[in-house]
Amino acid sequence: MVETPSRILPFGSLVTAMVTPFTADGSVDFDATAALATRLVDDGSDGLVVSGTTGETSTLEDSEKEDLYRVVVETVGDRARVIAGTGTNHTSHSVEMARRAERAGAHGQLVVTPYYNKPTQAGVLGHFSAVAEASDLPIMIYDIPGRSGIPITTETMLRLADHPRILALKDAKADFAAVTRVLANTDLDVYSGDDGLTLPWMAAGAVGVVSVSAHVATAAFRRLVDAAAAGDLAQARRIHFDLDPVIRAVMTHLPGAVSAKHILHLQGVLPNAVVRLPLVEADQRELEPVLADLAEAGWDLGALAREGVRA
């Protein structure tokens, strides 16, 4: 693992939101999970989210999630922070998952805004507070209204920041003014939840990124985060521009879990690109824009795809 000043952060600074590898029959592939976690940490991730959105948490059983937390902790927990995706839209279920994550040895938890049922801000405050009281694990709150259906208002975040176990915010709503208020008025560690906004968010004071694209370009993201943290904006800007087509490849054409698994398979990192329904693997036509973006970045993975590697 690359040693950086970010090791003092409770969640790290380059946090990769891990995919969950599956076997050909759709079972969780724990060996591939351990190998992927090792590779990500070796290449510069100092935090890993396990069973988050990109990890297909919605289609994992609770027992599978707990086993995944444990496997990743046992594999890299002495070198990186293992952050369990515990959030659901059912508060008592989220409480149970927080306790399972603590039992498995996770260092923290990522808790998303309750989705689909659209609670009031009082309900949002009550949900996060209940999860925070359920275990000793520190919490990174995940604000992503595009998936949850509602934002966490800035006023609610300011109140949540007073809780001693709520330490961080993953912001994925691209509201720079709201993030600025949180940065200016709380001690929360703020993370970009959009890969392409890592540099502007860190320039304003965020500590890092929770990234899907970092699966396939871990070392480059490590350099970006370190340059931004050191105030070397010229170097960070160069890396930001270099990463732009890679981020587009991973994040704009297909669901992140699908595209990341396909690229990892083409890179020889994963044995397959299997996902669970309702996600499905991409066909060759759907992969073309992904491969075109990667070609713009100087990556020739298209040749592997044409040779018949099923990504």
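Parameters at a glance
Note that residues are indexed from 1 along each chain, following the sequence as it is written. A pLDDT threshold of at least 70 governs which residues receive local features in this predicted model, and a stricter bar of 80 or more applies before side-chain atom pairs are shown or counted, although totals over entire chains, interfaces and linings include all residues. The basis for every side-chain value is the complete set of heavy atoms in the structure, and neither hydrogens nor water enter the calculation. Just to be clear on terms, a salt bridge is a Lys or Arg side-chain nitrogen sitting within 4 Å of an Asp or Glu carboxyl oxygen. Secondary structure is summarised from DSSP: a helix means a run of H or I of at least four residues, a strand means a run of E of at least two, and numbering begins at the N terminus for each. Only protein chains enter the area calculation, which uses a 1.4 Å probe; residues under 20% of their type maximum are buried, those over 50% are exposed, and those in between are partly exposed. Here a polar contact means two N or O atoms within 3.5 Å. Within protein one must be a hydrogen donor candidate and the other an acceptor candidate, and residues neighboring in sequence count only if both atoms are side-chain atoms. Should any heavy atoms of two residues lie within 4.5 Å, those residues are counted as being in contact. Paired strands are those between which DSSP finds at least two bridges. Here an axis means a line fitted to C-alpha atoms, over the contact stretch when the element is a helix, while the angle between two N-to-C directions is reported on a 0 to 180 degree scale. Only buried residues count toward a nonpolar core. Its members are Ala, Val, Leu, Ile, Met, Phe, Trp, Tyr and Cys residues joined through side-chain atoms within 4.5 Å. Any helix carries an expected span of 1.5 Å times its number of residues minus one. UniProt positions are given in the numbering used here, feature names are shortened, and annotations may be inferred rather than shown by experiment. Per-residue confidence from the predictor is reported as pLDDT, a score between 0 and 100.

Q: So what exactly am I meant to see when it comes to the pattern of salt bridges here?
A: Pairing of side chains with opposite charge becomes possible as their charged atoms draw close. Applying the stated criterion across every chain yields a total of 17 salt bridges. Between K261 and E56 there is a salt bridge whose closest N-O contact spans 2.8 Å. Residue K261 is located in helix α11 (residues 256-266), and its partner E56 is located in the loop between β2 (47-50) and α2 (62-76); the two are separated by 205 residues in the primary sequence. Across the pair, exposure class does not vary: K261 and E56 are buried alike. Across the pair D143 and K173 runs a salt bridge, and its minimum N-O distance is 2.4 Å.

Q: Explanation requested: the side chain of T198 in the structure shown.
A: Mapped onto the fold, T198 is located in helix α8 (residues 198-203). With a relative accessible area of 0%, T198 lands in the buried category. Of note is the side chain of T198, whose polar atom sits 2.7 Å from the backbone oxygen of D195. Non-local contacts of T198, meaning those with residues more than four positions away in its chain, are made with S192, V209, F221, L224 and V225.

Q: Which parts of the structure should I look at to understand the sheet that holds strand β4 (residues 108-112)?
A: Hydrogen bonds along the backbone pair up the strands of a sheet, which may run parallel or antiparallel. The sheet built from eight strands closes into a barrel, its strands ordered β1-β2-β3-β4-β5-β6-β7-β8 with parallel pairing. Pairs of neighbouring strands in the sheet enclose a mean axial angle of 25°, with direction left out of account. Bridge count between strand β6 (residues 166-171) and strand β7 (residues 189-192): four bridges; the pairing is parallel. Bridge assignment links L169 to a residue of β7, and that residue is V190.

Q: Mind showing me how you'd approach the nonpolar core here?
A: In summary, soluble globular proteins display a tendency toward joint burial of nonpolar side chains. By size, the foremost hydrophobic cluster in this structure holds 101 residues, and its most contacted members are L48, I141, M157, L160, Y191, F221 and L243. Here this core gets seven residues from one element, more than from any other, and that element is helix α10 (residues 233-251).

Q: Would you mind going over helix α4 (residues 121-134) with me for this structure?
A: Since the α-helix turns once every 3.6 residues, residues separated by three or four places project in the same direction. Compared with the 20 Å implied by 1.5 Å per residue over 14 residues, the 20 Å span of α4 between its first and last C-alpha is a close match. Burial in α4 covers these residues: V124, L125, H127, F128, V131, A132 and A134. Residues of α4 that are buried in the fold lie against α3 (91-104), β4, β5 (139-143), α6 (154-160) and β6.

Q: Teacher, can you tell me more about the UniProt feature "binding site: pyruvate" (unreviewed entry) in the chain here?
A: Sites flagged by UniProt as "binding site: pyruvate" (unreviewed entry) map to T54 and V210. Spanning 157 residues, the named residues form one tight spatial group whose C-alpha atoms are at most 10.9 Å apart. Examined against the element boundaries, T54 turns out to sit in the loop between β2 and α2. Judged by relative accessible area, T54 falls into the buried class, the value being 8%. Those residues in contact with T54 that lie beyond four places of it in its chain are A17, M18, V19, T20, V212, H215, G256 and A257.

Q: Mind showing me how you'd approach the confidence of the model for the chain here?
A: Parts of the model with low pLDDT should not have their predicted coordinates read in detail. Summarising the model, the chain shows a mean pLDDT of 94, and 95% of its residues fall at 70 or more. This stretch, residues 1-7, has a pLDDT under 50; its non-local contacts, to residues over four places away or in other chains, come to 22 contacts.

Q: Could you clarify how one ought to interpret the environment of H163 in this entry?
A: Mapping H163 onto the fold places it in the loop between α6 and β6. What H163 contacts, discounting residues up to four positions off in sequence, is A132 and E133. A polar contact is formed between the side chain of H163 and the side chain of E133, at a distance of 2.6 Å.

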